[in-house]
Structure formats: C-alpha cells, structure tokens
Amino acid sequence: MIKVEKLKKSFGQHEVLKDINVVIQPQEVVVVIGPSGSGKSTFLRCINQLETITDGHIFVEGKDVADKKTNINEVRTEVGMVFQHFHLFPHMTVLDNIMLAPLKVRKSSVQSSKEKGLQLLQKVGLEDKANAYPSSLSGGQKQRVAIARALAMEPKIMLFDEPTSALDPEMVGEVLEVMKQLAKEGMTMIVVTHEMGFAREVGDRVIFMDGGVIVEENEPKQLFENPQHNRTKSFLSKVL
Amino acid sequence: MDFRFDIIVEYAPLFLKGTLLTIGLSLVGTVIGTILGLFIGLGNMMKNKWLAFPFKVYITFFRGTPLLVQILIIHFGVVTFFVDGTNAILAGIMALSLNAAAYISEIFRAGIQSIDKGQMEAARSLGMNHVQAMRYVILPQAFKRMIPPLGNEFIVLLKDSSLISIVAAPELMYYVGLAKGQYYRVWEPYLTAAVIYLVLTVTLTYFLNRLERRLTTE
Ligand SMILES: Nc1ncnc2c1ncn2[C@@H]1O[C@H](COP(=O)(O)OP(=O)(O)OP(=O)(O)O)[C@@H](O)[C@H]1O
Ligand SMILES: [Mg+2]
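As the structure is a prediction and not an experimental result, all values here were calculated from the model. (Residues numbered from 1 in each chain as written. Chains lettered and ligands numbered in written order. Predicted model: local features only at pLDDT ≥ 70, side-chain atom pairs only at ≥ 80, totals over all residues. Heavy atoms only, no water.)

### Some details on the sheet that holds strand S4 (residues 55–60) of chain A
Residue and element names in this part refer to chain A. The following threshold applies: Strand pairing follows a simple DSSP-based rule, namely that at least 2 bridges must link the two strands. What counts as a helix is a DSSP run of H or I of at least four residues, what counts as a strand is a run of E of at least two, and both are numbered from the N terminus.
The sheet built from 4 strands is open, its strands ordered S2-S1-S4-S5 with antiparallel pairing. Pairing within the sheet leaves two strands with one partner each, and these edge strands are strand S2 (14–24) and strand S5 (63–64). The sheet contact formed by S4 and S5 spans 2 bridges and is antiparallel. Residue pairing across strands places Val 60 opposite Lys 63, the latter belonging to S5.

In structure tokens, the structure reads:
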C-alpha cells in the first residue's frame with residue numbers, strides 16, 4: 001500500500017507537485033495520465049525517492065520515505081521501477097542484468113538467482129535471450145527484460161513510467177501483455193501511460209494530473225466517458 | 001659534420017637500461033595514479049562542497065604547478081621524511097604518481113559523467129546503495145571509455161618522466177646526460193634520446209588507436 005499525503009515537490013522555484021493526496025491499495029492498478037510536464041514522472045520518482053520530496057509524506061508499506069531514519073534502499077527493494085528508456089546495464093548479459101540486484105542486494109546465492117532469473121525470462125517470453133547483450137535486443141525485448149529485472153527483487157509494488165512510449169508501435173503490444181499478466185497476478189501497479197486502451201482494460205482507477213495537481217480520479221469507464229472537469233475533457237479529446 | 005655513432009654504440013647498454021627504467025617509472029606512475037585518481041575523482045565529485053574541497057585543492061595544485069617543481073619538492077622535501085637522505089627513484093615514482101593522479105581523477109570524472117544518468121537511477125531503484133551502483137554498474141562502463149585517455153596519460157608520463165633526470169634518477173635522460181658530459185657532444189646523445197622517445201610514443205599511439213577503434217565498434 002502507498003499513502004501519499006500533502007506531497008509537494010519543487011525544483012528550485014518551480015513547484016512541480018502541489019499538494020498531492022492519494023492512497024493506492026494493495027493489488028490495485030492505478031493509471032496516471034496527463035499532459036506533458038504535468039508532474040507524472042516526478043510523482044512516480046518521489047515514491048521511490050529518485051527525487052527527494054520538498055514537503056509532505058509518502059508511506060510505502062507503512063514506511064515514510066521522506067523520513068531520514070528510513071532505509072531507502074530497503075524501501076526500494078519493495079518498489080520496482082520500469083523506465084521509458086529501459087536503462088538496462090549494457091555491459092552485462094540479459095541474465096546478469098536480472099541477477100545483479102538479487103545477488104548484491106538480497107545476497108541470494110548464484111544458483112537461486114539464476115533459477116529465478118531464468119524463470120522470469122520465461123515469464124516475459126525471452127528465455128532464449130538469457131546470454132544475449134541488451135544491444136542485440138529490440139526495444140520491446142529490452143523493456144520486457146527491464147520488467148523481469150525489476151521483478152527479480154520480488155517487489156510488492158511496480159512503478160511504470162511510460163513503459164511503451166519509446167517503442168515502435170508494433171512492439172507496444174508485447175510489453176502491455178506482460179503488464180496485463182502482472183496485473184492479473186495481483187501486483188500493485190502505478191502506470192504512467194498514454195495507452196488509453198490499457199487504462200480502460202486493466203486499470204482499476206485512472207488519475208488525471210495537470211499542473212502538478214490531481215484534477216480528477218475515477219474508474220476508467222467513468223473518467224473516460226463522463227469526465228467532470230473541463231481540463232480532463234479537453235485532454236481526453238486530444239488523446240482519445 | 002661528423003656523427004659519432006661510436007658514442008651511441010658505447011652507451012647503448014646504458015641507454016637501454018635507462019629506457020627500461022623510463023618505461024617502468026611511467027607504468028608504475030600510471031597504475032598508482034589510476035588507483036589514487038579513482039579516489040580523488042570520486043572525492044572531487046562529492047556533493048558536499050566541504051568534503052570535496054581538499055580534492056579540488058589537490059587537483060588544482062598538481063595541474064597548476066610544473067612537474068619539475070613537484071619533483072624537486074618531493075625529492076628534497078617529502079621523501080626525506082620517509083628515508084634517510086634522498087632517493088631519486090622513490091621521488092620519481094611519487095612525483096609521477098601524484099601528478100598523474102590529478103589528471104587521471106579528471107579522466108575518471110569525465111568517464112563517470114559520460115554514463116547516462118538512467119544507469120545510476122536504474123541501479124538505485126533496484127535497492128543498490130551508491131557504492132554498489134558505482135562498483136557494478138557505473139565504473140565498469142566508465143572504465144571502458146577511460147582506456148584511451150588513460151593510454152594517453154601513459155604516453156604523457158613517458159615523456160615527462162625525463163624530468164626526473166634532474167634529481168639523477170637513472171632513467172634514459174640521465175644516461176644521455178652522462179654521454180653528453182663525457183664527450184662534450186650534443187647531437188649524438190640528444191638525437192638518440194629523441195628517437196627512442198619517438199619510437200616508444202609512436203608505437204604506443206598506434207596500438208592505442210587500434211584499441212580505441214575496437215572499443216568503439218563493440
Ligand atoms: N530534475 C529536474 N530539474 C528541474 N526541473 C525538472 C526536473 N525534472 C522535471 N522537471 C520539471 O518538472 C515538470 C514536470 O516534469 P515531469 O517529468 O514530472 O512531467 P511529466 O508529466 O512526466 O511529463 P512527460 O509526459 O513529458 O513525461 C516539468 O516542467 C519539468 O521541466
Ligand atoms: Mg514523464
């Protein structure tokens with residue numbers, strides 16, 4: 001569970017998040033939409049403290065990430081993140097990418113990390129790529145490896161920041177498929193995306209952000225078919 | 001003008017000995033400089049300005065003063081704290097290493113900063129601490145990009161190590177100086193020295209370029 005209370009984030013003078021309050025329940029899939037620059041990425045990055053928050057609190061599984069006493073590395077093992085540009089480690093094979101964090105952070109044995117890694121590769125349909133280097137993979141394959149890498153830490157929550165935005169259109173489907181499967185298995189997910197079809201089909205809730213605030217949130221069907229705010233309406237009219 | 005090859009022939013074994021020490025000193029200087037350079041580079045990159053300050057002073061000093069001055073300070077000053085009297089080879093190694101460390105720390109900084117920010121973020125998002133992320137993700141990638149500039153630094157040291165002859169460390173220029181002193185001849189010893197340095201640097205540059213091309217195509 002994630003509880004966000006009065007979250008504020010500024011870069012210098014520029015206030016990017018202004019009083020965000022939201023609770024994400026276990027097993028919930030929350031889709032975040034909004035125009036460019038509205039603070040969606042910043043919001044996600046505050047949750048695992050890739051950005052230090054300016055004010056307010058974020059509780060991840062009960063731990064306040066802004067509290068100096070919280071071991072942030074521990075929190076991050078519970079929160080997987082998938083980036084728009086994958087950020088696979090180019091000097092390692094696919095399997096080593098996946099095994100690295102379990103080996104070094106969880107101190108798992110080589111054998112169990114390897115078993116786990118291969119199992120995850122099978123799950124994302126890339127068991128034959130275990131010994132390939134990231135540079136030899138397509139964008140869709142890279143992103144599936146990145147998902148497997150995050151899952152290897154057995155996180156309770158997964159954050160996705162536009163996971164399909166950097167992909168050629170024909171590869172979007174294979175990544176969304178993996179994410180759907182994950183949702184079906186009960187993973188708690190926060191997904192920033194422009195894939196409205198995914199939001200509708202998989203999302204339990206859609207949050208519309210604009211100008212650093214949550215303008216509106218609702219079940220996907222409600223929000224898409226019956227938006228309450230003009231800003232939501234005008235945004236949806238552009239993307240739907 | 002008669003060119004007395006016999007002087008070169010006579011001194012060939014000593015020139016060879018000196019050349020080997022020149023190469024040895026430069027190699028040791030590069031290796032120690034790389035190890036020190038890593039820590040100085042990381043120190044210089046610390047976000048806390050107060051903690052980074054001593055490293056900045058170090059880099060500024062060693063890049064902002066002539067190597068010759070550093071050699072003299074180390075030989076007649078610093079080394080005397082560690083050994084009785086002086087020790088030219090020790091002073092040479094120290095001066096070259098400390099000087100190289102300053103330049104190599106900047107090579108490390110450039111190498112580390114050339115790695116996409118997303119690599120660090122991905123590593124940290126998996127729960128790795130800063131040191132783990134550096135060690136397993138950032139440095140291996142940075143180091144590959146640093147090989148060509150490190151090779152360059154080695155070539156620079158090969159040439160600059162000639163300055164150590166000022167404190168009579170028996171490297172190439174020391175023996176060249178002996179030859180000159182014995183025969184009062186200028187051309188033979190100095191041209192020979194130039195040719196030896198050229199052969200070394202040109203050969204190294206050739207291999208370095210090949211290595212660089214291989215690294216970029218990989
Ligand atoms: N590190 C930073 N330093 C300064 N400003 C930043 C930084 N990161 C983001 N911003 C600013 O914060 C605002 C929100 O950025 P953010 O990336 O969260 O938006 P977004 O909703 O994810 O947009 P997009 O859809 O383009 O990804 C933007 O105006 C951006 O310029
Ligand atoms: Mg974004």
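### Quick word on the interface of chain A and chain B
To keep it simple, the criterion reads: The contact criterion used is simple: two residues touch if any of their non-hydrogen atoms lie within 4.5 Å. For salt bridges, the criterion is a side-chain nitrogen of Lys or Arg within 4 Å of an Asp or Glu carboxyl oxygen. Contacts described as polar in this section are N or O atom pairs within 3.5 Å, which, within protein, must combine one atom able to donate a hydrogen with one able to accept it, while residues neighboring in sequence count only if both atoms come from side chains.
Every contact between the two is made by 23 residues of chain A and, on the other side, 17 residues of chain B. For the pair chain A and chain B, the interface holds 1 salt bridge. The partner of Glu 121 of chain B in a salt bridge is Arg 45 of chain A, and the shortest N-O contact between them spans 2.7 Å. On the surface where chain A and chain B come into contact, there are 5 residue pairs in polar contact (both at pLDDT 80 or more). Looking at the side of chain A that touches chain B, the elements with two or more residues in it are helix H2 (72–78), strand S6 (79–82), helix H3 (94–104) and helix H5 (139–151) of chain A.

### Examining the UniProt feature "transmembrane region" (unreviewed entry) in chain B
Quick note on the threshold: UniProt positions are given in the numbering used here, feature names are shortened, and annotations may be inferred rather than shown by experiment.
In this numbering, the UniProt entry assigns the feature "transmembrane region" (unreviewed entry) to residues 20–40, 61–83, 89–108, 154–177 and 189–208 of chain B. Span residues 61–83 of chain B is 87% helix and 0% strand, its end C-alpha atoms 24 Å apart.

### Notes on the nonpolar core
Condition: What is meant by a nonpolar core is a set of buried Ala, Val, Leu, Ile, Met, Phe, Trp, Tyr and Cys residues, joined one to another through side-chain atoms within 4.5 Å. Relative accessibility decides the category of a residue: with a 1.4 Å probe and only protein chains considered, values under 20% of the type maximum give buried, values over 50% give exposed, and everything between is partly exposed.
The biggest cluster of nonpolar side chains holds 69 residues, and the ones touching the most others in it are Leu 7, Phe 43, Ile 47, Ile 58 and Phe 89 of chain A. Considering each element in turn, this core owes the most residues, 10 residues, to helix H6 (residues 130–160) of chain B. Grouped together as the second largest cluster of nonpolar side chains are 49 residues, Met 171, Val 172, Val 191 and Met 196 of chain A included.

### Thoughts on the side chain of Thr 164 of chain A
Summarising the element assignment, Thr 164 of chain A is placed in the loop between strand S7 (157–161) and helix H6 (169–184). Sequence-distant contacts of Thr 164 of chain A, defined by excluding residues within four places in its chain, comprise Val 172, Val 175, Leu 176, Thr 193 and Glu 195 of chain A.

### Some points on the pattern of salt bridges
Between side chains of opposite charge, a pair can form when the charged atoms approach closely. Residues and elements named next belong to chain A. Evaluated as defined, the whole model comprises 19 salt bridges over all chains. Of the charged contacts in the structure, one is a salt bridge between Lys 3 and Glu 5, with a shortest N-O distance of 4.0 Å. Residue Lys 3 is classed as partly exposed on the basis of its relative accessible area, which comes to 32%.

### Regarding the site of ligand 1
All names here are of chain A. Spelled out, the test is: Any residue with a non-hydrogen atom lying within 4 Å of a molecule or strand is treated as near it. Accessibility throughout is a Shrake-Rupley quantity obtained with a 1.4 Å probe, and a residue counts as covered only by protein chains that appear here.
All residues adjacent to ligand 1 are Phe 11, His 14, Val 16, Pro 35, Ser 36, Gly 37, Ser 38, Gly 39, Lys 40, Ser 41, Thr 42 and Glu 162. Contact distances for ligand 1 include 2.5 Å between an oxygen atom and a side-chain N or O atom of Thr 42. Burial of ligand 1 by the protein chains amounts to 60% of its free accessible area of 640 Å². For the shell around ligand 1, the elements supplying multiple residues, two or more each, are S2 and helix H1 (40–47).

### Examining the UniProt feature "domain: ABC transmembrane type-1" (unreviewed entry) in chain B
Residues annotated by UniProt as "domain: ABC transmembrane type-1" (unreviewed entry) correspond here to residues 19–208 of chain B. End C-alpha to end C-alpha, residues 19–208 of chain B measures 20 Å, and it is 83% helix and 0% strand.

### Quick notes on the pairing of strand S8 (residues 188–192) of chain A
All names here are of chain A. Most of S8 sits out of view: 5 of its 5 residues are buried. In S8, alternate side chains face the same way, and those of Thr 188, Ile 190 and Val 192 on one face and Met 189 and Val 191 on the other are all buried. Of the strand pairs in this sheet, strand S3 (residues 29–33) and S8 are connected by 4 bridges, and their pairing is parallel. Paired with Val 32 across the strands is Val 192, a residue of S8.

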